[in-house]
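# Examination of the molecular architecture
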Amino acid sequence: RTVYINGQYLPEAQATVSVFDRGFLMADAIYEVCAVLEGKLIDCQGHFTRLRRSMAELSMNLELSDDALLEMHRTLIEKNALDEGLVYLQLTRGVVDRDFAYPPEDTPPTLVAFTQDKAIVESALAKRGARVATQPDLRWHRRDIKTTQLLYPSMAKMAAKAAGADDAWLVEEGYVTEGSSSNAFILTQDNVLVTRELSTDLLHGITRAAVISLAEDEGLAIELRAFTPDEAKSAREAFMTSATSMVTSVISVDGHLIGSGAPGPVADKLRAHYLEHSRAHAM
Ligand code: PMP
């Protein structure tokens, strides 16, 4: 693979980051993931806007404009002949002696990006539907900032897999916050689409926002509020959203089947609409 590192495109073996990089030593780093379909970027402006927000929250700097970021993403897609998958971007506070205090503002940040193949449209998990297991949400309390502190979500996913599920839904004070790497939705027996309101308790998913807007266009009733695992277990349908899983049905929660235990019609329809919307607006 050809990867991007600080303005250069290099074979991955030559693209190295210092041992003293704050991303490596302190997870002082943020990231974004844009899905790619047929060689084009999906919702990338939303991801760049969220990157700017994460930067502002953490006082991080980057000289590149959104246009330059878009150009860089396109170059990576082209150099790697990527058809379907993702572009991953990571920005760190750069290379300095280890210290809890941030380094001077003029310290050059580290920016890396790479492509990864992934089947998005024909996803086996989306076809079958995902089984989720609830896990306590033990992450920090600024989940709205997309940092690379991903050890706890990894632990939660491993615990969910050990419990026979595919992924974890995280629970805090009795309510689902989000998935380990996705936002969580349910469709109640009364056909109301429910997903948690935005706050510092969860990531402000770009796919979540797009799916809410498509659901509004569909005339679905929507409530932005937290729901409990019990409410999810007795829901008509459930699903999760993320850039690279789009809309993926959830067919069981802690072993309780949702509906018939197969992907539901509303989730299937929203997945189809999101796919159509993505293709129409791909860049
Ligand atoms: N929540 C978390 C914790 C995530 O890691 C992700 C995926 N990055 C999402 C939600 C979904 O966000 P998006 O739709 O922007 O990919």
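Keep in mind the model is a prediction, meaning the values are calculated, not measured.

Reading the values: rules and limits
Residues numbered from 1 in each chain as written. Predicted model: local features only at pLDDT ≥ 70, side-chain atom pairs only at ≥ 80, totals over all residues. Core = buried A, V, L, I, M, F, W, Y, C linked by C-beta atoms within 7 Å. Buried ≥ 20, exposed ≤ 12 C-beta atoms within 10 Å, placed from the backbone. Domains from an automatic or database assignment. Contact = placed C-beta atoms within 7 Å. Helix = DSSP H or I, 4+ residues; strand = E, 2+ residues; numbered from the N terminus. Expected span 1.5 Å × (residues − 1). Arc of directions from axis to C-beta. Near = placed C-beta within 6 Å. Nonpolar A, V, L, I, M, F, W, Y, C, P; charged D, E, K, R; others polar. pLDDT = per-residue confidence, 0-100.

### What to know about the nonpolar core
With 60 residues, the main nonpolar core has Cys34, Val36, Val132, Phe185, Ala238 and Val250 as its most contacted residues. The residues that make up this core include at least three from each of domain 1 (2–117) and domain 2 (124–281). Discounting chain neighbours no more than four positions away, the residues touching Val132 are Ala160, Ala165, Asp166, Asp167, Ala168, Trp169, Val250 and Val253.

### Describing helix 8 (residues 265–281)
Taking 1.5 Å of rise per residue, the 17 residues of helix 8 would be expected to cover 24 Å, and the 24 Å separating its terminal C-alpha atoms lies within 8% of that figure. Among the residues of helix 8, Val266, Ala267, Leu270, Arg271, Tyr274 and Ser278 are the ones counted as buried. Looking straight down helix 8, one finds its buried side chains confined to an arc of 135°; they lie on one side. Looking at helix 8, the residues exposed on the side facing more than 90 degrees away from the buried face are Glu276 and Ala280. Looking at the buried side of helix 8, the elements it contacts are strand 3 (29–37), helix 4 (124–128), strand 10 (183–187), helix 6 (206–217), strand 13 (237–242) and strand 14 (246–253).

### Comments concerning the site of the ligand
Neighbouring the ligand are 13 residues, the closest being Leu203, Gly205, Ile206, Thr207 and Ala243. The set of elements that each furnish at least two residues to the shell around the ligand consists of helix 6 and strand 13. Among the elements that line the shell around the ligand, the one with the most residues is helix 6, at three residues. Class assignment of the residues belonging to the shell around the ligand gives a composition of four nonpolar, seven polar and two charged.

### Quick word on the confidence of the model for the protein chain
Here the protein chain averages 98 in pLDDT, while 100% of its residues score no lower than 70. Predicted as a complex, the structure gets a pTM of 0.98 and an ipTM equal to 0.99.

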